[in-house]
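So you can see what is in the structure, the chains are spelled out below.
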Amino acid sequence: MNFKKYKTIIFDCDGVILNSNKIKTEAFKKTLSKYKKELVDEFISYHESNGGISRYEKLKFFVRNLAPNYKLLNEEKNYHFLLNLYSKICKESLYEAEVARGLKSLRHINKKTNWLIVSGGDQNELRDVFNKKGIYQYFNGGIYGSPDKKIDIIAREISNKNIVKPALFVGDSKLDFYAANSNLLDFVFLTDWTDFKNYKEFCSMNEIVYLNNLNSILECFRNSN
């Protein structure tokens, strides 16, 4: 795969740039700690099976689809309370998240390419966390996230000519692949930090290239010299 041909590279955040998938799972567990264990377990299963979907959609699903099955209140105010609590817990934890090795070196040898973050994470939170971690400046094309959906963000940035093809999306979930495929972008799946247990079968079925991590992409750049 010739990574040097791309004019734009788009990265997911969780599981790609930050080792934060497990952090977010724990944040959901803490947010829902007052609910019955069976309900929390059901939600976590849903959460892990739907990587890349925003907290906004996931907590709406919890309030509207799961909680009523356990005869719990299904009110809009519960949604906003849970959303605010999750955001507080999550943001504090993300400050401690591990940054992918090889990021700085990859940016150095790929400095002429436009880089973007397109994530299911909250956009304002992402920008704050990336700024505090000193990696904001690598993403000259911008850092984008929820409440907008990935597929819509990519389509918008293509329309704005911020994403110029050929372009590559680097992700770790089914949703990342679908967002890339719908916008006719190439896609690479990173495996080291993914929550997606059946990624090998999915990648094989859809003829997706998968690599371990950003260091693997870095090695591909170096070996193509």
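Details of the structure are given in the entry above.
Numbering of residues starts from 1 in each chain and follows the order in which that chain's sequence is written. Residues qualify for local features only when their pLDDT is at least 70, as the model is predicted, and side-chain atom pairs are given and counted only at 80 or more; totals for whole chains, interfaces and linings, by contrast, use all residues. Excluded from the side-chain calculations are hydrogens and water; all other atoms, namely the structure's heavy atoms, are used.

### Details of the overall build of the protein chain
Here a strand is any run of E in DSSP of at least two residues, a helix any run of H or I of at least four, and the numbering for each starts at the N terminus. Across its full length, the protein chain holds 10 helices and six strands. Each principal axis of the C-alpha distribution contributes one length, and for the protein chain these read about 60 × 40 × 30 Å. For the protein chain, restricting intrachain contacts to residue pairs at least 6 apart in sequence, the fraction spanning at least 24 positions comes to 66%. When the accessible surface of the protein chain is split by element, carbon and sulfur atoms take 48% of a total near 11500 Å². Think of it this way: Lys and Arg go in the positive column, Asp and Glu in the negative one, and His and the chain ends go nowhere. Every charge is mapped onto a representative atom, which is NZ of Lys, CZ of Arg, CG of Asp or CD of Glu. Looking at charge distribution, the protein chain has the averaged site of its 35 positive side-chain charges lying 4 Å from that of its 27 negative ones. Here a residue-residue contact requires only that any non-hydrogen atoms of the pair lie within 4.5 Å. A 1.4 Å probe and the Shrake-Rupley method give the accessible areas. Residues count as covered only by the protein chains that appear here.

### Considering the side chain of Lys 58
Inspection of the secondary structure puts Lys 58 in helix α3 (residues 55–66). Of the buried charged residues, Lys 58 lacks a salt bridge, with Asp 195 as the closest side chain of opposite charge at 7.0 Å. Sequence-distant contacts of Lys 58, defined by excluding residues within four places in its chain, comprise Phe 28, Phe 43, Tyr 46, His 47, Asn 50, Gly 51 and Ile 53. The rule is simple: take the accessible area with a 1.4 Å probe, protein chains only, and divide by the maximum for that residue type; under 20% is buried, over 50% is exposed, in between is partly exposed. Salt bridges are defined by distance alone: a side-chain nitrogen of Lys or Arg within 4 Å of a carboxyl oxygen of Asp or Glu.

### Regarding the sheet that holds strand β2 (residues 114–122)
For two strands to be treated as a pair, DSSP must find at least two bridges joining them. Strand order in this open sheet of six strands is β3-β2-β1-β4-β5-β6, and the pairing throughout is parallel. What marks the edges here is a single partner per strand, and that holds for β3 (143–146) and β6 (209–211). Neighbour to neighbour, the strand axes of the sheet diverge by 25° on average, direction disregarded. Judged from the four bridges that link them, strand β4 (residues 167–171) and strand β5 (residues 186–190) form a sheet pairing that is parallel. In the strand pairing of β5, Val 170 is matched with Val 188. Fitted lines through C-alpha atoms serve as axes, helices being fitted only where they are in contact, and the angles separating the N-to-C directions of these axes extend from 0 to 180 degrees.

### Notes on the pairing of β3
Pairing geometry for β2 and β3, over three bridges, is parallel. Bridging from a neighbouring strand, Ile 117 pairs with Ile 143 of β3. Following the backbone out of β2, through helix α6 (residues 123–132) and into the adjacent parallel β3, one traces a crossover that is right-handed. Whether a crossover is right-handed comes down to one check: with the strands pointing away from the viewer, does the path from the first strand over the helix to the second run clockwise; if it does, it is right-handed.

### Section: α6
Because the α-helix completes a turn every 3.6 residues, residues three or four places apart line up on one side. Within the sequence span of α6, burial applies to Gln 123, Glu 125, Leu 126, Asp 128, Val 129 and Phe 130. Definition of a polar contact: a pair of N or O atoms within 3.5 Å, with one able to donate and the other able to accept a hydrogen when the atoms are protein atoms, and with sequence-neighbouring residues admitted only if both atoms are side-chain atoms. A side-chain oxygen of the first residue of α6 lies 3.3 Å from the backbone nitrogen of Asn 124; this N-cap is Asp 122. Looking one or two residues past α6, Gly 134 carries a phi angle of roughly 75°, positive in sign.

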